[in-house]
Amino acid sequence: MEEVKKIVSDIKNRNIKPIYFFMGEEPYYIDKLTDYIANNVLTEDERGFNQMTLYGKDTTVDQIVENAKRFPMMAEYQVVLVKEAQHLSRTIDQLDAYASNPQPSTVLVINYKYKKLDKRKKVYKTIAKNGVLLESKKLYENQVADWIRKVLAGKGYKITPKASALLVEFLGTDLSKINNELEKLFLVLSKDIEISADHIETHIGISKDYNNFELKKAVGERDFKKAAQIVAYFAQNPKDNPFLLTVSLLNSFFAQLLEYHGLKDHSQKAVASALRISPFFVKEYQTAARNYPMKKISSIISGLRELDLKGKGLGASNLSQADLLKELLNTIF
């Protein structure tokens, strides 16, 4: 994220702004930048008298402003960190008066997670004019694997496409959770080793053979034996492999196949762009498209939607996960 890099670079170069307002649905960068400012604007000796942390649940905008207007003691700046500021959403507009004339020796950091300011409001425009305003947006699932690759590259590591796909499939789009798992790998793997699916299985505990990623591949290849083995594993480990997640991912897969059939250009680049997938996985979709004509796909999607409802307890009398998974295979094969 280029905006994040610029903020870090400016702080390193002591080009420090009086207000930093970090907001949005993705908390990873909001927390990372807040911590970076907390650890890098002041020296360790200066922090004792010149750095304070407030929490949105326990404070008001007036109290924040009162603290922000104070002068630093024997330091160039004081830092005021406001965490969980989203709890002040009803009164945050009151920050406008201070933002229009901020204390130049104060670095006010507003950590405003899961929400964002209305761009049409005066306070948004005032903060953007006199400080730094960053919106941290949730990444789409197809963007997360590339994010993982870039994070690892920044630390001198490489990762195989399959390994990154496993992480996304198991952890979703929660960047903080993914980063925590990557930190485990940094402790045990040297930088000259490319992170593989085996490493993910050994050190993070995600099965490289029995997961939705491998099930989707087996389904695409119409490999019933392998799909049945994976489904049997899911039935024995229902907590780690919830049925609703499996049926949702397969529904998305077949929806993408339907989209694939509608494309005029089936080249690797065009398919990757249209389906929002890594070019590495295009061959799997090309194979699956040969195995599933459009009419069959439409029928499967209809069946998967019915199974989704059954998995939620609608139209079925408490079917077990094993029974639902058997129906899943029957629907597809």
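Residues numbered from 1 in each chain as written. Predicted model: local features only at pLDDT ≥ 70, side-chain atom pairs only at ≥ 80, totals over all residues. Heavy atoms only, no water.

Re helix 7 (residues 141-154)
Along its 14 residues, helix 7 runs 21 Å from first to last C-alpha, staying within 8% of the 20 Å computed at 1.5 Å per residue. Of the positions making up helix 7, those classed as buried are V144, W147, I148, V151 and L152. Angular distribution of buried residues about the axis of helix 7 spans 125°; they occupy a single face of the element. Residues of helix 7 that are exposed and angled more than 90 degrees away from the buried face: K150 and G154. Against helix 2 (27-40), strand 6 (158-159), helix 8 (161-171), helix 9 (175-188) and strand 7 (194-195) lie the buried residues of helix 7. (Helix = DSSP H or I, 4+ residues; strand = E, 2+ residues; numbered from the N terminus. Expected span 1.5 Å × (residues − 1). Buried < 20%, exposed > 50% of the residue type's maximum accessible area, 1.4 Å probe, protein only. Arc of directions from axis to C-beta. Contact = heavy atoms within 4.5 Å.)

Focus: the packing of aromatic side chains
For the structure on display, the rule yields 12 aromatic pairs. Considering the side-chain rings of F21 and Y112, the 5.1 Å spacing of their centres and the 50° angle between planes classify their relative orientation as tilted. On the criterion of sequence distance, the pair formed by F21 in strand 1 (residues 19-24) and Y112 in strand 4 (residues 106-113) is long-range, its members being 91 residues apart. Given a relative accessible area of 0%, F21 falls into the buried group. Note on Y112: relative accessible area 3%, which makes it buried. (Phe/Tyr/Trp six-rings, centres within 6.5 Å; stacked < 30°, edge-to-face > 60°.)

Remarks on the sheet that holds strand 4
Pairing in this open sheet of 5 strands is parallel, and the strands run 2-3-4-1-5 from one edge to the other. Bordering the open sheet on either side are strand 2 (51-55) and strand 5 (132-135), each of which pairs with just one other strand. Put simply, the sheet's adjacent strands are angled 10° from each other on average, direction ignored. Here 5 bridges tie strand 3 (residues 78-83) to strand 4, and the two strands are oriented parallel to one another. Looking across to strand 4, one finds that L81 is bridged to V109. The strands touched by helix 2 are strand 1, strand 2, strand 3, strand 4 and strand 5; relative to strand 4, the strand with the most contacts, the crossing angle is about 160°. Its contacts with the sheet put helix 4 (residues 61-68) on strand 2, strand 3 and strand 4, and the angle it makes with strand 3 is roughly 165°. (Pairing = 2+ DSSP bridges. Axes fitted to C-alpha atoms, helices over the stretch in contact; angles between N-to-C directions.)

Observations concerning the nonpolar core
Counting residues in each nonpolar core, the largest one holds 49 residues, and the members touching the most others are Y20 and I148. Of all the elements, helix 2 adds the most residues to this core, at 7 residues. Formed by 33 residues, the second largest nonpolar core is a distinct cluster that contains F253, Y292, I297 and L329. (Core = buried A, V, L, I, M, F, W, Y, C linked by side-chain atoms within 4.5 Å.)

With respect to the pairing of strand 4
With respect to burial, strand 4 is a largely interior element, 8 of its 8 residues being buried. On strand 4, burial covers both faces: T106, L108, I110 and Y112 on one face and V107, V109, N111 and K113 on the other are all buried.

Regarding the pattern of salt bridges
As enumerated under the stated definition, the model contains 18 salt bridges in all. Among the ionic pairs, E181 bridges to K184, the shortest N-O distance being 3.1 Å. Placement of both E181 and K184 in helix 9 is noted, with a separation of 3 residues, approximately one turn of the helix. Classification of E181 as buried rests on a relative accessible area of 13%. Salt-bridge contacts for K208 lead to D198; the nearest nitrogen and oxygen are separated by 3.6 Å. Of this pair, K208 sits in the loop between helix 10 (197-204) and helix 11 (212-220) while D198 sits in helix 10, and the two are 10 residues apart along the sequence. The class of D198 is partly exposed, set by a relative accessible area of 42%. When salt bridges that share partners are traced, they join D146, R149 and K150 into one network. (Salt bridge = Lys/Arg side-chain N within 4 Å of Asp/Glu carboxyl O.)

Function cannot be read off these values alone, since they describe shape.
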